[in-house]
Amino acid sequence: MIEFHLDERSGVSPYQQIVQQVRNALRLGLLRVGDRLPTVKEVVGQLAINPNTVLKAYRELEHEGLVQAKQGVGTFVTQTLADTSLAAHGPLRQDLQRWLTKARRAGLDDESIEALFSATFRTAAQEEIA
């Protein structure tokens, strides 16, 4: 079962962070069709957030057709976002892990690593468009 984490420094609303985490888990094959999401009560207990925040996130995911709420039973995954590229994730994850190790050895902290990755990712995406 997925375990949600909130980053108060991200500038992204808590409900949107939950939505993004579910989408990412679906893309990475960590959540599959039929899996149950944590109940609203479980998420509220874990993250100490307003139940309406969780409900809003789950409603958005349901509106997108990714999950379905079943009254009294829970919210279940109805669609995956994983595709045939899932097989490539293992080797790419290993390469990325090695890169992260090199970045830490170079003295970068987590925020610096994230900033470097994000900036490089955006630049590469813009170069592909041009």
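Now for a look at the structure at hand. (Residues numbered from 1 in each chain as written. Predicted model: local features only at pLDDT ≥ 70, side-chain atom pairs only at ≥ 80, totals over all residues. Heavy atoms only, no water.)

1. Comments concerning unusual backbone geometry
Part 1 of the reasoning: The phi angle at A48 is positive, at roughly 55°, despite the residue not being glycine.
Part 2 of the reasoning: By the secondary structure assignment, A48 is in the loop between α2 (40–47) and α3 (51–63). (Helix = DSSP H or I, 4+ residues; strand = E, 2+ residues; numbered from the N terminus.)

2. Structural notes on the side chain of Q16
Part 1 of the reasoning: Position of Q16 relative to the elements: it lies in helix α1 (residues 14–27).
Part 2 of the reasoning: Take Q16: its relative accessible area is 18%, and that puts it in the buried class.
Part 3 of the reasoning: Discounting chain neighbours no more than four positions away, the residues touching Q16 are R23 and E60. (Buried < 20%, exposed > 50% of the residue type's maximum accessible area, 1.4 Å probe, protein only. Contact = heavy atoms within 4.5 Å.)

3. A closer look at a nonpolar patch on the surface
Part 1 of the reasoning: A cluster of nonpolar side chains, namely L96, W99, L116, F117 and F121, defines an oily patch on the protein surface of about 480 Å² accessible area.
Part 2 of the reasoning: Secondary-structure elements contributing two or more residues to the nonpolar patch are α4 (89–105) and α5 (110–129).
Part 3 of the reasoning: Within the element layout of this structure, L116 appears in helix α5. (Patch = residues over 30% accessible without salt bridge, like charges linked within 9 Å, V, L, I, M, F, W, Y side chains within 5 Å. Areas by Shrake-Rupley, 256 points an atom, 1.4 Å probe, with all protein chains shown as cover. Salt bridge = Lys/Arg side-chain N within 4 Å of Asp/Glu carboxyl O.)

4. A look at the nonpolar core
Part 1 of the reasoning: Ranked by size, the top nonpolar core spans 20 residues in total, and within it L37 and Y58 carry the most contacts.
Part 2 of the reasoning: Of all the secondary-structure elements, those providing two or more residues to this core are α1, α2 and α3.
Part 3 of the reasoning: Here the element with the most residues in this core is α1; it accounts for six residues.
Part 4 of the reasoning: Those residues in contact with L37 that sit more than four places away from it in its chain are M1, I2, V22, L31, Y58, L61, V67, T75 and V77. (Core = buried A, V, L, I, M, F, W, Y, C linked by side-chain atoms within 4.5 Å.)

5. Quick notes on the packing of α4 against α5
Part 1 of the reasoning: Where α4 contacts α5, the axes come no closer than 10 Å and their chain directions differ by 125°. The angle between α4 and α5 falls in the class oblique. Crossing geometry of α4 relative to α5 is assigned as right-handed. Between α4, through W99, L100, A103 and R104, and α5, the contact on the second element is made entirely by D110, I113 and L116.
Part 2 of the reasoning: A breakdown of the residues in the contact of α4 with α5 according to their chemical character gives five nonpolar, no polar and two charged. (Axes fitted to C-alpha atoms, helices over the stretch in contact; angles between N-to-C directions. Parallel < 35°, antiparallel > 145°, perpendicular 65-115°, else oblique. Left-handed = near helix turned anticlockwise from the far one by under 90°. Nonpolar A, V, L, I, M, F, W, Y, C, P; charged D, E, K, R; others polar.)

6. Details of the pairing of strand β2 (residues 74–77)
Part 1 of the reasoning: Alternating positions in β2 separate into two faces, G74 and F76 on one and T75 and V77 on the other, with burial throughout.
Part 2 of the reasoning: Note that strand β1 (residues 67–70) and β2 share four bridges and pair antiparallel. Along β2, the bridge assignment pairs K70 with G74.
Part 3 of the reasoning: Taking the residues that link successive antiparallel strands as the turn, the β1-β2 hairpin has three residues, and the phi of G72 there is positive, at about 80°. (Pairing = 2+ DSSP bridges.)

7. Regarding the environment of G90
Part 1 of the reasoning: Residue position: G90 is located in helix α4.
Part 2 of the reasoning: A C-alpha to C-alpha distance of 23 Å links G90 and F4, two positions 86 residues apart in sequence.

8. Brief notes about the pattern of salt bridges
Any two side chains of opposite charge can pair, given that their charged atoms come close.
Part 1 of the reasoning: Tallying each qualifying case throughout the model produces seven salt bridges.
Part 2 of the reasoning: Shared partners join several salt bridges into a network, and the residues in it are D7, R9 and E111.

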